[in-house]
Amino acid sequence: MTLPPGHPLLDGRTASALLVAAARGERRATRPVWFMRQAGRSLPEYRALRAGGDMLQACLTPDLAAEITLQPVRRHGVDAAVYFSDIVVPVLLAGVGVRIVPGRGPVFDDPVRTAADVARLPELDGAALEPIREAVRLTVAELDGTPLIGFGGAPYTLASYLVEGGPSKEQLRTRGMLHAAPDAFAALLDWCARVTGAFLAAQVEAGASVVQLFDSWAGSLSRADYEVAVLPHSRRALGAVPDGVPRIHFGLGTGPFLDLVAAAGTDVVGVDWRVPLDEAAARLPGVPLQGNVDPALLEAPAAVLDAHVADVLRRGEAAPAHIVNLGHGVPPDTDPGVLTRLVEVVHAA
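Described in the following lines is the structure provided in the data block. Just so it is clear, the model here is predicted, and its values are computed rather than measured.

With that out of the way, let us pick up the packing of aromatic side chains. Scanning all chains against the criterion turns up 5 aromatic pairs. With centroids separated by 6.4 Å and ring planes inclined at 70°, the aromatic side chains of Tyr156 and Phe185 adopt a geometry described as edge-to-face. With Tyr156 in helix H8 (residues 155-164) and Phe185 in helix H10 (residues 182-206), this residue pair connects regions lying 29 residues apart in the sequence. With respect to burial, Tyr156 and Phe185 carry one shared label: buried. An angle of 25° between the planes, with centres 4.6 Å apart, marks the rings of Tyr226 and Phe257 as stacked. Of this pair, Tyr226 sits in helix H11 (residues 223-238) while Phe257 is found in the loop between strand S6 (247-251) and helix H12 (258-262), placing the two residues 31 residues apart along the sequence. Exposure class is identical for Tyr226 and Phe257. Each is buried.

The next thing to look at is the sheet that holds S6. Pairing within the open sheet is parallel, and its 7 strands lie in the order S1-S4-S5-S6-S7-S8-S9. Both edges of this open sheet fall to strand S1 (81-82) and strand S9 (322-326), since each of them pairs with a single strand only. Direction of pairing for strand S7 (residues 268-270) relative to strand S8 (residues 289-293): parallel, over a ladder of 2 bridges. Bridged to Gly270 within S8 is Gln290. Contacting strand S5 (210-215) and S6, H11 runs over the sheet at an angle of about 155° to S5.

About the criteria used
Residues numbered from 1 in each chain as written. Predicted model: local features only at pLDDT ≥ 70, side-chain atom pairs only at ≥ 80, totals over all residues. Heavy atoms only, no water. Phe/Tyr/Trp six-rings, centres within 6.5 Å; stacked < 30°, edge-to-face > 60°. Helix = DSSP H or I, 4+ residues; strand = E, 2+ residues; numbered from the N terminus. Buried < 20%, exposed > 50% of the residue type's maximum accessible area, 1.4 Å probe, protein only. Pairing = 2+ DSSP bridges. Contact = heavy atoms within 4.5 Å. Axes fitted to C-alpha atoms, helices over the stretch in contact; angles between N-to-C directions.

Keep in mind that these numbers describe shape and distance, not what the molecule does.
Right, dumping it as structure tokens:
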């Protein structure tokens, strides 16, 4: 797949944007900043718009998804929008039954735990992604020179939801399947890689200028298990993104194997709050980094948060380029004013 004519990276709208430049390793005087989960529950305008409606239906309603994606750009002045979606949306579009349970998250009525279960998984029809493409087109038309980041869940995290039947703290069934039925688990990861790769490619086709692959549960794995069983499939998912589109790869709790996260074929490695950025830079020479303000400190007094952000910025100088972000997503009860001020602090540094 090549970028279509008129894509923002080709027509001059986003090719020189702060975030795109940083993702390509170019350090400028001002550092770009955006926040994982910036679109959604922390914003009062989001809560007013949703008013108790179904989360997955919101993701599949193009004008609604576009509006939610744009809200934090208008409010905070961040340097990128991130496409509003859920990690299980492409799985739903493939025809797998899933629902969002308030207070819990995605729940599957029929978990995937055997080779026969994997064999029954339907393939994703590209036409099913048209609501995603339309939402991205609507969003990009409003963003002008601000890049849109495409969103996708890494194969291991998607597989974990499917195997566990919902969110899990330790992924015991998932890691058990990895060892007890390695061939079936590899087939499941391969299916997940195809689904999320198609999801990312559809967003890029419609105008996303950058993509990020989220691996929320990779930190449950040992280094050896990640390298052997998971890394090839993350690489396959990122490989669906056209050349020339910067890729960010973030895994929560992946500090022990950041080098392997980088080896998945990414341009930027996202770092959570546990690993100082200068230490990450020493492990990943030549690799731009993203992160890693501790989300817990968003509730701290302004002076405490400012000191922490200054430390993150100082340590980020060790990388070729630095995209400022949190070390994970925005907590739902975050004061939006804190995020707006944080953007101002970063831009003024």
